[in-house]
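Spelled out from the first residue to the last, the chains are:
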Amino acid sequence: MTMAQWNPLHDLVSLQDRMNRLFEDASQRRASEAEKSDEVEGADWYPAADVYENDGEYTVVGPLPGINRATLDISVDDNRLTIRGERAGQDTTRHRGECPRGKFLRPFSVPAAIDQNDIRADYKDGVLQVHLPKRPERKSQRVEIKVS
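Everything numeric in this text was worked out from a predicted model, so none of it was measured.

Analysis parameters
- Residues numbered from 1 in each chain as written.
- Predicted model: local features only at pLDDT ≥ 70, side-chain atom pairs only at ≥ 80, totals over all residues.
- Heavy atoms only, no water.
- Helix = DSSP H or I, 4+ residues; strand = E, 2+ residues; numbered from the N terminus.
- Buried < 20%, exposed > 50% of the residue type's maximum accessible area, 1.4 Å probe, protein only.
- Contact = heavy atoms within 4.5 Å.
- Areas by Shrake-Rupley, 256 points an atom, 1.4 Å probe, with all protein chains shown as cover.
- Pairing = 2+ DSSP bridges.
- Axes fitted to C-alpha atoms, helices over the stretch in contact; angles between N-to-C directions.
- Patch = residues over 30% accessible without salt bridge, like charges linked within 9 Å, V, L, I, M, F, W, Y side chains within 5 Å.
- Salt bridge = Lys/Arg side-chain N within 4 Å of Asp/Glu carboxyl O.

Caption draft 1: Quick look at the overall build of the chain. Check the secondary structure of the chain and you find two helices and seven strands. When the helices and strands of the chain are listed from N to C terminus, the series reads α-α-β-β-β-β-β-β-β. Counting across all 148 residues of the chain, residues that qualify as buried make up 20%. Sequence-distant contacts, at least 24 apart, represent 52% of the contacts inside the chain between residues at least 6 apart. Summing over all exposed atoms, the chain offers an accessible surface of approximately 12,400 Å²; the carbon and sulfur share of this is 48%.

Caption draft 2: Local environment of the sheet that holds strand S6 (residues 120–124). What the four strands build is an open sheet, ordered S1-S2-S7-S6; its pairing is antiparallel. Edge positions in the sheet fall to strand S1 (50–53) and S6, since each of these pairs with one other strand and no more. Recorded for the sheet is a direction-independent mean angle of 20 degrees between the axes of neighbouring strands. Across seven bridges, strand S2 (residues 57–63) lies against strand S7 (residues 127–133) in antiparallel orientation. Of the residues in S7, the one forming a bridge with Glu-57 is Pro-133.

Caption draft 3: Broad picture of the sheet that holds strand S5 (residues 102–109). Reading across from one edge, S3-S4-S5 is the order of the three strands in this open sheet, with antiparallel pairing throughout. Both edges of this open sheet fall to strand S3 (73–76) and S5, since each of them pairs with a single strand only. The mean angle between the axes of side-by-side strands here comes to 10 degrees, regardless of whether they run parallel or antiparallel. Summarising the sheet, S3 and strand S4 (residues 80–87) pair through four bridges and their orientation is antiparallel. Residue pairing in the sheet places Ser-75 in a bridge with Thr-82 of S4.

Caption draft 4: Inspection of unusual backbone geometry at higher detail. At Asn-79, a residue that is not glycine, the phi angle is positive and equals roughly 55 degrees. The class for Asn-79 is partly exposed, based on a relative accessible area of 35%. If you check the backbone angles, Asp-125 has positive phi at about 55 degrees while not being a glycine.

Caption draft 5: Summary view of a nonpolar patch on the surface. A cluster of nonpolar side chains, Leu-9, Leu-12, Val-13, Leu-15, Met-19, Leu-22 and Phe-23, forms an exposed patch at the surface whose accessible area comes to about 690 Å². You can see Leu-15 is positioned in helix H1 (residues 8–36). Accessibility expressed as a relative area gives 43% for Leu-15, which makes it partly exposed.

The following block contains the structure:
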């Protein structure tokens, strides 16, 4: 019985091939996502948000202190909620910068069960709340069909 000799070079080349395929797949996905949404590339920062649900609605809550209400743009298109805006920088010299400045964008997927005509938003004390009401569920109704 002869044993096959271990060839570390073969394993290394195989690993390199797998890594190259992984990076190619990732770069292709990134390129296709960039084609879909060039606006994501134009955003300077992405605000944090919490999403809550109760029986009647979903609520997206995002702290946006220092944002001028006039710069907020909230839209729903093809089951996608998008919140855009801009935090302007001050004209004074900044010694420490922990708060992001510039244009922001935050997209969310919206369930199909949302009543898109009744969406509303509140912006108070630097906190944005977007209320996404659920459509009333249609109860399934049993229909008896007579066979003739």
